[in-house]
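Each chain is listed here by its residues.
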Amino acid sequence: MTWEMLIICFCAGAAAGIGTGFAGMSAAAVIAPILATFLKIPIYDAIGIGLLSDVMASAISAYTY
């Protein structure tokens, strides 16, 4: 993984966290376009990654509360 990819992934994660926290939106709405546009991941894979992150975050929240 190059430094550019690492920075893009960090920014995508931060944007998804801020958007999810403030607006209550899905992280897939932020992560999928960034992964597809900047990292050239196929769109179906990017959507799957975004949805998986939503499921994991929901599962951790449910377990915590």
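Per-chain numbering applies: the sequence of each chain, read as written, is numbered from 1 onward. With the structure being a predicted model, the display of local features is reserved for residues of pLDDT at least 70 and the display and counting of side-chain atom pairs for 80 or more, all residues being used for whole-chain, interface and lining totals. In computing side-chain properties, one takes all heavy atoms of the structure into account and sets aside hydrogens as well as water.

1. Topic: helix α2 (residues 28–38)
Okay, step 1: Burial classes: relative accessible area under 20% of the type maximum marks a residue as buried, over 50% as exposed, and values in between as partly exposed (1.4 Å probe, protein chains only). Secondary structure counts use DSSP, requiring at least four H or I residues in a row for a helix and at least two E residues in a row for a strand, with both numbered from the N terminus. A28, V30, I31, A32, I34 and L35 are the residues of α2 that are buried.
Okay, step 2: By definition, residues are in contact when any of their heavy atoms lie within 4.5 Å. Looking at the buried residues of α2, the elements they touch are α1 (3–23) and α3 (43–64).
Okay, step 3: Backbone geometry just after α2 places K40 at a positive phi near 55°.

2. What about the packing of α2 against α3?
Okay, step 1: In this analysis, axes come from line fits to C-alpha atoms, helices being fitted only over the stretch in contact, and the angle between any two N-to-C directions falls in the range 0 to 180 degrees. Closest axis-to-axis distance for the α2/α3 pair is 8 Å, and the angle between their directions is 150°. The hand of the α2/α3 crossing is right-handed. Each of A28, I31, A32, L35 and A36 in α2 lies in contact with α3, whose residues at this interface are I43, A46, I47, I49, G50, L51, S53 and D54.
Okay, step 2: Three residue categories are used. Nonpolar comprises Ala, Val, Leu, Ile, Met, Phe, Trp, Tyr, Cys and Pro, charged comprises Asp, Glu, Lys and Arg, and polar comprises the others, including Gly. Looking at the contact of α2 with α3 residue by residue, the classes come out as 10 nonpolar, 2 polar and 1 charged. Put simply, a crossing is left-handed when the front helix is turned counterclockwise from the back one by less than a right angle, and right-handed when it is turned clockwise.

3. Focus on the environment of A28
Okay, step 1: Among the secondary structure elements, A28 is positioned in helix α2.
Okay, step 2: The class of A28 is buried, set by a relative accessible area of 14%.
Okay, step 3: Separated by 20 residues in the primary sequence, A28 and G48 place their C-alpha atoms 8.3 Å from one another.
Okay, step 4: In contact with A28, other than residues within four places in its own chain, are P33, G50, L51 and D54.

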